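Summary of the model geometry
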Amino acid sequence: MDKPLTKNIDPKRGPLNLKGYEKAGGYTAMKKALKEMEPGDVTKVVKDSDLRGRGGAGFPAGVKWGFVPMGDDAPHPKYLVCNADEMEPGTYKDRLLMEQDPHLLVESMIVSAYAIQADIGYIFLRAEYVESEKALRKAIAEAYDKKYLGENILGSKWSFNLFVHTSAGRYICGEETALLNALEGKRAIPRAKPPFPPVVGLFGKPTIVNNVETLCNVPDIVNNGAVWFKDLSKTDDAGTKLYGVSGKVKKPGLWELPMGTTMREIIEEHAGGMQDGLKFRGVIPGGASTDFLVEEHYDLPMDFTAVQKAGSRLGTGTMIMLDDKTCPIGMVHSLEKFFARESCGFCTPCRDGLPWVEKILWALEEGQGREDDIATLEMHSRFLGPGRTFCAFAPGAVEPLQSAIKYFRDDFQRHIKEQRCPWR
Amino acid sequence: MATIYVDGKTYEVNPNNNLLHECLQKGIDIPYFCWHPAMGSVGSCRQCAVKQYKDENDTTGQIVMSCMVPAADGTRISVDDEEAVEFRRSVIEWLMTNHPHDCPICDEGGECHLQDMTVMAGHNYRRFRFKKKTYINQYLGPLINHEMNRCIQCYRCVRFYKDYAHGDDLDVFGAHNHIYFGRHEDGVLENEFSGNLVEVCPTGVFTDKTLKEHYTRKWDMTTAPSICTHCGVGCNTIGAERYGSVRRILNRYNGQVNGYFLCDRGRYGYDYVNSEDRIRTPMMRQENGELESASKELVLNTLKEALKSKKNIIGIGSPRASVESNYALKKFVGSDRYYTGLSDTESKLVDKIIGILKNAPVRSPSLKDIRESDAVFILGEDVTNTAPMMALALRQSIRQEPLKLVDMLKIPRWHEYAVQDTLQQRKGPFFIASVTGTKLDDIATRTYRAESDDIARLGFAVAHILNKDAPAVKKLNKEVKQLAEVIAGALKKAERPVIVSGTSLGNEVIVHAAANVAAALSKEDRRTNLSYIVPEANTMGVGLLGGGSIGDAIRGVKDKKADTLIIFENDLYRRANKSNVDSFLKHFKHIIVVDYMQHTTTQRATAVLPAGTFGETDGTFVNYEGRAQRYFQVYYPEQEIKESWRWLRDATLQAGHNDFKEWQNLDAVVGAINREVAAFRKINEAAPNSRFRIAGLKMSRASARYSGRTSIRSHENVHEQKPPDDPDSPFTFTMEGYSGIKPPGLTNLFWAPRWNSVQALTRFQEEIDGPLRGGDPGVRLIEPAQRFSFSYFTDVPAAFEKRNDEFYTVPLHHIFGSDELSIKAPWIGELAPKPYVLLNKEDAGVKEYNEGDEVEVQLSSGTWKLPVKISDSIPAGVIGIPAGLPGLETAILPGWSTISK
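Criteria and thresholds
Residue indices begin from 1 for each chain and proceed along its sequence in written order. The order in which chains are written sets their letters, starting at A; the order in which ligands are written sets their numbers, starting at 1. In keeping with the predicted nature of the model, local features appear solely for residues at pLDDT of at least 70, side-chain atom pairs appear and are counted solely at 80 or more, and the whole-chain, interface and lining totals rest on all residues. A run of H or I in DSSP becomes a helix once it reaches four residues, and a run of E becomes a strand once it reaches two; helices and strands are each numbered from the N terminus. As defined in this context, the radius of gyration uses C-alpha atoms, and a globule is described by 2.2 Å times the residue total to the power 0.38. Remark: residues whose backbone-derived C-beta atoms lie within 7 Å of one another are considered to be in contact. The residue classification treats Ala, Val, Leu, Ile, Met, Phe, Trp, Tyr, Cys and Pro as nonpolar and Asp, Glu, Lys and Arg as charged. All others, Gly included, are polar. Any residue surrounded by 20 or more other C-beta atoms within 10 Å of its C-beta is treated as buried, while 12 or fewer makes it exposed and the intermediate range makes it partly exposed; C-beta atoms here are placed from the backbone. Annotation comment: domain bounds sourced from an automatic or database domain assignment. Any two strands with at least two DSSP bridges between them are considered paired. For every element, the axis is a line fit to its C-alpha atoms; helices are fit only across the contacting stretch, and the angle between N-to-C directions ranges from 0 to 180 degrees. Roughly parallel covers angles under 35 degrees, roughly antiparallel covers those over 145, roughly perpendicular covers 65 to 115, and oblique covers all other angles. Note: crossing handedness is left-handed where the near helix turns anticlockwise from the far helix by less than a right angle, and right-handed where it turns clockwise. Scored from 0 to 100, pLDDT reflects the predictor's confidence in each residue.

The secondary structure content of chain B amounts to 26 helices and 34 strands. The C-alpha radius of gyration computed for chain B amounts to 28 Å, which stays within 12% of the reference 29 Å derived for 901 residues, consistent with globular compactness. A sequence separation of at least 24 residues applies to 74% of the contacts in chain B between residues at least 6 apart.

Here it is in structure tokens:
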């Protein structure tokens, strides 16, 4: 099976340098794009490939690129920003790519920037990703030395400069417009949309923000074409996907598998199944901000469409397992504590609602639950939903909560009735 | 126009606005916090949620924030939808989780937007059972109290302070539910408009610290529409009183003038009214030489002799006295014996300015016009210090040109953060030519520092580039020439440029240069806005009335053979050389000063009569724009305090003159001015007269909920006393009378059912952010002539040459300190600078002066010992000293001086 993302990765060996990366077939997509293709051709092949955003929302990347003003009248500088602020709990897929194959991201950014004729690129990197930063800085320096970055790349009229920006560290910076504010040196609060970043983005200029994994698919799409990319998948959502599993499985880890691989296969074949003595109870399929899936979803193909149909989201594709010896309320409490802390504080429901949710869950765990607590939690699930809050943060934050109430209602009620956490 | 449907009803709306704006406009109550008509929508509080439907078949709908959705044609929403109602209730519930519920001890209580919205949204039962978070409050200076625990995080404070007023020492810190609005450390808020936080904040986080000194609830104050007395802009205010003292000033919206905001001098300068330096009783010079209180009857009787023959009397008016009082004095003593009370310099400049505004192809802009300007050229003024609210208006102008981009992208202008994300650092053209650094420099495209004649030369050069008929400037150096080209180019490209100049440097050629620039920019169909800043509340009023200066009075006294001098509300020592005033006063046997503050001139009086401030009297002021505006007595004083014209009427009647016999009230005086002075033909339109009634009722000054009406004076007399009558205005002094929405010039209180805070204002506006219902009050007395007679000024000065032994000394104006009245408020005094002399670095080097060295500055008006402040920006050969500061009031500027150690 072709693995556009991890083909060069060998953790024992470590990342390839530029020479090694080129030897392994790297930078061919860059050469092909710059020498043989018009910018519009690159966008077209990415659009045709149905590459969907791997940051969680699944928006088609090529369509996004298509919103950028092109031509002589287009405003400049235009920006390409790589969202590498991987702070979603349970998610560690971009880290692997950056630490183990930094040149893939560099090449991806060159090719993608060429498509939208961006002048400047930023990799907005989670502050804690020290290894990634080292690897990226080294790769970028090598690319500059080789004149793959800088002025008139490969003798063309097009120039592109690439910078690593290490974040000061807020989860909300992963929201693309909050990221732009942070990059401008402002408070990391989301922006109103419209205007959308492809038209009014960083410093008011056209800007594309793409996730690391999304971008890393681009070189092989350019090399091998849209049909090849679609054929990698088992379902209608194209490509491969980095799937991860954490929690009490035998072999937690991360694997590049065809898009649409079933949950059963991922858990049982790749993660080795549940640890002995534990039963599968549920899973948060794509990072902390997605709804629980349970046993009835065990054979679900893990792609954008199918997971959405099942009432959750593929998100980042990295699952967090819930077993039968772990308190679901405790798990949700831990997540909500994170979300309450990471709210940017801009809009009321999120800023003041999530701490309330967190405190109720805490009270349930501490044996101080009250009869009407479930109703209050449900009120929050509804009123922190899409459209109620300024951005998608709070709707994401209540996804595990609302689905936990749905699937584990008895456990909530036991906490209240028994005035204790039954798992303690 | 567009049609929208709200809960099944059809409304015609302006699609350029958002739904919240339009619903409030139509009288539909939707609670909100973060939206502000001057600052747009940001969608942070989520309080104004409504249900929106796709079409008439959509029964599900979705929750949207009404402030974030355009009122586009065909929009269908429900405010009453059950889910929307429940959501709005929840928003309040969230906001209240950490609110201290301390309304009974909160200064905002009773006029709190949060209280109103809580009731409106229907939250009344507390379900949150966990601990509240608390904060440490900050010391923010003498004007504003900080109580962070009450904060509901609506972001309005920082949006006003940073985004609107461009302050940089108030911010939001932290994240999630631990965000903090304050300074990076305790300290005085530096922005000159910080007092607006008090009105912008929807609850009691930022409250008026000076009100705390003599706290009274909103409903217990007697209020009247007033005009600010602290500069020439004429902002509309509401004065509020209880127990005979003025308690606070609130903004009174006027769409053409101050809009929603006031400067800190205007908001906090009121305490001079309560000052111990007030004159509250008539006084007579006794045989022992002391000035002592005496009865009104005695004083008036004694004045009979002094007032017997009009030919023996000289009258000096004042730019801080009303048009009515000045007119009365002028009428009584005659045109040749009346002087406006302006200094020589001011008088000359104001005459010029009025001539230019009347005859040149220019137009005097309102502050609204200035806010909407798309290019600015300031000549010689430090606007933040000489006309603060004009500076705030100018700050808004820098957006106008870049907003074209926003329009092009079809982003609604009310969509504030989208606008900001788009505009980023873009600013419209903004040029400042000044003697030294100004407080608008941070937004300037280019600044130019030069002595005042050189500033004029730049102006003349710009005018010449724009129109070759304007005179050229000889021997202009290359850089200045280039700068002139840049400025001319930017002004020419602009659609609504404004030229700002004024009297503060006392330089006539700057006034001429500004006129040339504006005239050169004017076209057939467009008169360029030209705004001249004048120093005092009624400088333009006395200018329009006409008369000689104090200097003319002093120089002419020998020929007049007068032995009685009447001075209205004027300290001559602030406006003419001390020695000249001293010898002038010696000519008179009787010096009658009618004033409300004690000062050097009152000390020389033979009789003093207590005039009233804005608190105790009515009258008309004319602002820089030429807009006549009426202020109304706030309260009825216990003491014998009257309008200056009324004292004159009483005294002259007593002396046997019948000139003013018919003047029973203000209407009579206004009527006479209206008939007799051409420039004031429209003065009666400034406000409704005393006969105005609604449903047969007078307007109430006190609110319907006023307490103590019958008991306030019960310590004097247990019988209920008849409230005093007000012959001059349509107001009662009590809560009796009409208390609904009054006509615009008579608005004394922003209150409407369900809206107890100043946010009730939307109910008073014809259009939100537009004029008040019935039109913005005040009447412009100067409109551009249909046919103008203007020839370019040709008095281009030679370049400034520094002298060897002398320094050209200019006044440096300070928002806190330079104004004669506001400095009497202790908190303004606290913020005023200490006297100093500002010296160029190079000059200081030559003189071997260091920062802080005490030097002696000798001017023709006197000698002062002042500490040296060294500056990079003041030109060599020029020094500056603060205008009007206590101790420096009698320094007459500009002029040449010598400095020694």
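Turning to the interface of chain B and chain A, a few remarks are in order. Taken together, the 31 residues of chain B in the interface contact 32 residues of chain A. Among the elements of the structure, strand E4 (62-65), helix H2 (82-96) and helix H15 (416-423) of chain B are those that each provide at least two residues to the side of chain B that touches chain A. Partitioned by chemical class, the residues of the side of chain B that touches chain A number 17 nonpolar, eleven polar and three charged.

With that settled, consider unusual backbone geometry. Each neighbour pair has its own omega, and for A:Lys193 with A:Pro194 the value is -5 degrees, a cis peptide bond. Along the polypeptide, A:Pro194 turns up in the loop between helix H8 (176-183) and strand E4 (207-211). Cis geometry is adopted by the peptide bond preceding B:Pro894, which originates at B:Leu893 and carries an omega value of -5 degrees. Positive phi is not limited to glycine here, since A:Asn152 has a value of about 45 degrees. If you trace the backbone, A:Asn152 turns up in the loop between helix H7 (130-145) and strand E3 (161-166). One non-glycine residue, B:Glu569, lies in positive phi territory at about 50 degrees. Locating B:Glu569 in the fold gives a position in the loop between strand E23 (564-568) and helix H21 (578-585). Taking the number of C-beta atoms within 10 Å as the measure of exposure, B:Glu569 has 24 and is therefore buried.

As a further point, take the domain arrangement of chain B. Residue and element names in this part refer to chain B. Entries for chain B in the domain assignment read domain 1 (2-96), domain 2 (213-228 + 236-275 + 698-764), domain 3 (362-526) and domain 4 (807-900). The straight-line distance from the C-alpha centre of domain 3 to that of domain 4 is 27 Å. Taken together, the contacts link 15 residues of domain 3 with 17 residues of domain 4. Ranked by residues supplied to the side of domain 3 that touches domain 4, first place goes to helix H12 (residues 383-386) with three residues. The class makeup of the residues in the side of domain 3 that touches domain 4 is four nonpolar, eight polar and three charged.

This part is about the sheet that holds strand E1 (residues 79-84) of chain A. All names here are of chain A. A sheet is described by the order of its strands in space; here four strands give the open sequence E3-E2-E1-E4, paired in parallel fashion. Of all the strands in the sheet, just E3 and E4 have a single pairing partner and so form its edges. Strand-to-strand twist across the sheet, computed as the mean angle between neighbouring axes with direction ignored, equals 20 degrees. Running over the sheet, H8 touches E1, strand E2 (120-125), E3 and E4 and is turned about 110 degrees from E1.

Take the environment of B:Ser522 next. Residues and elements named next belong to chain B. Tracing the chain through its elements places Ser-522 in the loop between helix H18 (508-521) and strand E22 (528-533). Along the sequence, Ser-522 and Arg-363 sit 159 residues apart, while their C-alpha atoms lie 9.5 Å from each other. Among residues more than four places away in sequence, those in contact with Ser-522 are Pro-361, Val-362, Arg-527 and Thr-528.

All names here are of chain A. The domain boundaries assigned to chain A delineate domain 1 (18-231), domain 2 (240-323) and domain 3 (328-418). Its C-alpha centre places domain 2 at a distance of 23 Å from the equivalent point of domain 3. The interface is formed by ten residues belonging to domain 2 together with twelve residues belonging to domain 3. Residues of the side of domain 2 that touches domain 3, tallied by class, amount to five nonpolar, four polar and one charged.

This paragraph deals with the packing of helix H5 (residues 93-100) of chain A against H7(A). Residue and element names in this part refer to chain A. Between H5 and H7, whose axes approach to 8 Å, the crossing angle comes to 40 degrees. Compared by their axis directions, H5 and H7 come out oblique. Our pair here, H5 against H7, has a crossing hand that is left-handed. Across from Arg-95, Met-98 and Glu-99 in H5, the residues of H7 making contact are Glu-131, Ser-132, Ala-135 and Leu-136. Considered class by class, the residues forming the contact of H5 with H7 number three nonpolar, one polar and three charged.

Right, let's talk about the pairing of strand E34 (residues 895-900) of chain B for a bit. Along a regular strand, successive side chains alternate from one face of the sheet to the other. Residue and element names in this part refer to chain B. Bridging between strand E29 (residues 807-812) and E34 involves three bridges; their strand directions are antiparallel. Paired with Phe-807 across the bridge in E34 is Ser-897. Bridge analysis of strand E31 (residues 854-859) against E34 gives three bridges, and the strand direction is antiparallel. By the bridge assignment for E34, Glu-856 is matched with Ser-900.

With that out of the way, let us pick up the confidence of the model for chain B. Chain-level statistics for chain B give a pLDDT mean of 96 and a share of 100% at 70 or above. Both scores are given for the predicted complex: the pTM is 0.97, the ipTM 0.96.

What follows concerns the pairing of strand E33 (residues 878-882) of chain B. Residue and element names in this part refer to chain B. A large share of E33 lies buried, amounting to five of its five residues. Both faces of E33 are covered, namely the face carrying Val-878, Gly-880 and Pro-882 and the face carrying Ile-879 and Ile-881. Pairing of strand E30 (residues 837-840) with E33, which is carried by two bridges, proceeds in the antiparallel orientation. The residue of E33 that forms the bridge with Leu-838 is Gly-880.

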